[in-house]
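# Examination of the molecular architecture
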Amino acid sequence: MKMEFKITHTWDGLPVSHEPITIGLKSDNAGLVMEVNAPFFNDPPAPLGDPGKPFSRLWDYEVVEAFFLSDRTEQYLEVELCPHGQHLLLLLSGRRRVWKEELPLEFEVTRMKTKWEGKARLPWNYLPPCTNKFNAFAIHGSGEERKYEALYPVPQHELQEGQKPDFHRLEFFKDLRLKGLMGEDWKQPESDIWKSLPS
């Protein structure tokens, strides 16, 4: 089984001007496998960090991001993947409230001239209990040409003049049925990491 999502709009609902970025989710006993297929813009240039290692503030570079949310608790996992091999994983409890970051990740990248593919293995341990919502984003380009794209953009009637892209608008995330991927009898494994969240 596989779920597939295509990012066809900018964060504010305009159509993207290139081949859409796709994100696939597959099951794996140990967790979720997240697969990215995307155009390679090579803009901005690569971060100065080792491929395969976490890189702080990766959102300032070319990235594809996925957010896995439990809407009841506002706990979520943010996954950022870069075509140059760096990654950044954040655990948040409450909007924008990071409590753990730079978690290790098994992440492979295949980069060609104009596109790239990434495969990340997300252990169940990283997902908040009762994960049931999802959104995905992509950022690329520099300066005035910086583009912010979203799977589920801010609805037109919610836009305000001068508004800036904000990927933490949790109210616009949509349902993610992991049972659809794992089978109806499946229960999300408990997470020691989330259990250790200071209350």
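Anyway, here's the lowdown on the structure attached to this text. Predicted model, so just to flag it, every value in this text is computed and none were measured.

### Some words on the nonpolar core
One finds Leu25, Met34, Val36, Phe68, Leu81 and Phe134 to be the most contacted residues of the largest nonpolar core, which totals 40 residues. The residues contacting Leu81, other than those within four sequence positions of it, are Met34, Val36, Glu62, Val63, Val64, Gln86, His87, Leu105, Phe107, Trp116 and Ala120. Counting 19 residues, the second largest nonpolar core, distinct from the first, contains Cys82, Leu90, Phe167 and Leu170.

### With respect to empty space enclosed by the protein
Tallied over the full model, the rule gives two cavities of 30 Å³ or more. Roughly 70 Å³ of internal volume is contained in the largest cavity. Lining the largest cavity are Trp11, Asn135, Phe137, Ala150, Tyr152, Pro153, Val154, Asp166, Phe167, Arg169, Phe172 and Phe173. Class assignment for the residues of the lining of the largest cavity results in nine nonpolar, one polar and two charged. Computed from the structure, the second largest cavity encloses a volume of approximately 40 Å³. If you go around the second largest cavity, the residues you meet are Ile21, Ala38, Pro39, Phe41, Glu62, Val63, Val64, Trp116, Ile139 and His140. Where the lining of the second largest cavity is concerned, the elements lending two or more residues are strand S4 (31-39), strand S5 (63-70) and strand S11 (133-140). Here the residues of the lining of the second largest cavity sort into eight nonpolar, one polar and one charged.

### A word on the pattern of salt bridges
Inspection of every chain in the model, using the stated rule, returns 14 salt bridges. Ionic pairing is found between Glu4 and Lys2, a salt bridge with its closest N-O pair at 3.9 Å. Glu106 is paired through a salt bridge with Arg121; the nearest N and O atoms lie 3.2 Å apart. Of this pair, Glu106 sits in strand S9 (residues 106-111) while Arg121 is found in strand S10 (residues 115-123), placing the two residues 15 residues apart along the sequence. Taking the relative accessible area as the measure of exposure, Glu106 reaches 48% and is therefore partly exposed.

### Description of unusual backbone geometry
With the exception of glycine, most residues fall at negative phi, and the peptide bonds are largely trans. Here the bond from Asp43 into Pro44 is cis, since omega is -5 degrees, no more than 30 degrees from zero. Relative to the elements of secondary structure, Pro44 occurs in the loop between S4 and S5. Backbone geometry places Arg57, a non-glycine residue, at a positive phi of 60 degrees. Within the element layout of this structure, Arg57 appears in the loop between S4 and S5. Phi angles above zero are rare outside glycine, and Arg96 is one such case at about 70 degrees. With respect to the helices and strands, the residue Arg96 is situated in the loop between strand S7 (87-93) and strand S8 (98-101).

### Some thoughts on the layout of surface pockets
There is about 350 Å³ of room inside the largest pocket. The wall of the largest pocket is formed by 17 residues, among which Trp59, Glu78, Arg96, Phe167 and His168 lie closest to the centre. Secondary-structure elements contributing two or more residues to the lining of the largest pocket are S5, strand S6 (75-81) and S7. Its residues assigned to classes, the lining of the largest pocket comprises nine nonpolar, one polar and seven charged. Reported here for the second largest pocket is a volume of approximately 160 Å³. Residue lining of the second largest pocket: Cys130, Thr131, Asn132, Leu176, Arg177, Leu178, Lys179, Trp186, Lys187 and Gln188, and that is the complete set. Of the residues that constitute the lining of the second largest pocket, the class distribution is four nonpolar, three polar and three charged.

### Things to note about the side chain of Gln86
On the secondary structure map, Gln86 appears in the loop between S6 and S7. Within the structure, Gln86 has its side chain in polar contact with the backbone oxygen of Gly49 (distance 2.6 Å). If we skip the residues at most four places from it in the chain, Gln86 touches Pro47, Gly49, Asp50, Pro51, Gly52, Lys53, Phe55, Leu58, Glu80, Leu81 and Phe107.

### Structural notes on the environment of Ala136
The topology assignment puts Ala136 in strand S11. Taking the relative accessible area as the measure of exposure, Ala136 reaches 0% and is therefore buried. Along the chain, Ala136 and Glu65 lie 71 residues apart, while their C-alpha atoms are 5.5 Å from each other. With near-sequence residues (within four places) excluded, Ala136 lies in contact with Ile7, Ile23, Glu65, Ala66, Glu149, Ala150 and Leu151.

Scoring rules and cut-offs
Residues numbered from 1 in each chain as written. Predicted model: local features only at pLDDT ≥ 70, side-chain atom pairs only at ≥ 80, totals over all residues. Heavy atoms only, no water. Core = buried A, V, L, I, M, F, W, Y, C linked by side-chain atoms within 4.5 Å. Buried < 20%, exposed > 50% of the residue type's maximum accessible area, 1.4 Å probe, protein only. Contact = heavy atoms within 4.5 Å. 1 Å grid on protein atoms, 1.4 Å probe; cavity = no way out; pocket = protein on both sides within 12 Å on 5 of 7 lines; lining within 4 Å. Points joined across faces, edges and corners; volume = space filled by probe spheres on them. Nonpolar A, V, L, I, M, F, W, Y, C, P; charged D, E, K, R; others polar. Helix = DSSP H or I, 4+ residues; strand = E, 2+ residues; numbered from the N terminus. Salt bridge = Lys/Arg side-chain N within 4 Å of Asp/Glu carboxyl O. Polar contact = N/O pair within 3.5 Å; in protein donor to acceptor, adjacent residues only side chain to side chain.

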